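Chain and residue survey
Residues per chain, in single letters:
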Amino acid sequence: MPSLTVEPLNTQHFIMDQDDRKRNKNIGKNFMCRLQCMFSHSSSSESRLSLEDTQQWSQSLERLLESKYGMATFRNFLKSEYSDENIEFWLTCEDYKKIKSSFRMSSRAKKIYEQFIKAESPKEINIDYHTREQIKRNVKTPTIHCFDDAQKIVYGLMERDSYPRFLRSDIYRTLLENLAAEATKG
């Protein structure tokens, strides 16, 4: 029987840690490139992803969502966790509030209800029964405010759950590390 050479356990962990760091570094660089390509059509200095802006994302969820790069990064993170229904709902509500036509508002409200609010809907959000029933009634005669309560609940869920996980994520940490490394080079 051939003999097996077994490396000490701590050496294996060290090699795995090195490999993970290299992989994460590449993931971060690739992600940075994708982000910058997504927004490269704009030539203003604001269009460049910076370390300072990226660090400011950790100040609040609101700060993160105000940044086009922050929003894109957060959405990608949530998609990677298969939990993007909350941000999708929140963004859909923001767009819904801009509708001026009552016909379009009525049509869009029904679509939002079917997609996010209705029990067993494709992207059902986590809201209480009372709020769900209130929205069901509101959608019959929709206003720009008919989803406000659900939107507040979803924002709170993201702020307490998804956002802290994002700040601890490899995506965010690696992005910060890569931007810091770029800043020290140039």
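All values reported here derive from a predicted model rather than from experimental measurement. (Residues numbered from 1 in each chain as written. Predicted model: local features only at pLDDT ≥ 70, side-chain atom pairs only at ≥ 80, totals over all residues. Heavy atoms only, no water.)

What follows is about the overall build of the protein. Within the protein one finds 9 helices and 0 strands. Along the protein, helices and strands appear, N-terminal first, in the series α-α-α-α-α-α-α-α-α. For the protein, buried positions account for 36% of its 186 residues. Intrachain contacts of the protein at a sequence separation of at least 6 include 62% that bridge at least 24 residues. Surface exposure of the protein reaches about 12,000 Å², of which carbon and sulfur atoms provide 52%. (Helix = DSSP H or I, 4+ residues; strand = E, 2+ residues; numbered from the N terminus. Buried < 20%, exposed > 50% of the residue type's maximum accessible area, 1.4 Å probe, protein only. Contact = heavy atoms within 4.5 Å. Areas by Shrake-Rupley, 256 points an atom, 1.4 Å probe, with all protein chains shown as cover.)

Moving on to the nonpolar core. If you look at the biggest cluster of nonpolar residues, it comprises 38 residues, and the most contacted ones within it are Phe74, Ile87, Phe89, Ile117 and Phe147. Looking at this core, the elements with two or more residues in it are helix 3 (61–66), helix 4 (68–80), helix 5 (85–96), helix 6 (102–117), helix 8 (148–168) and helix 9 (170–185). (Core = buried A, V, L, I, M, F, W, Y, C linked by side-chain atoms within 4.5 Å.)

As for its position among the elements, Thr131 is in helix 7 (residues 129–138). Along the backbone, Thr131 and Asp149 are 18 residues apart, and their C-alpha atoms lie at a distance of 6.9 Å.

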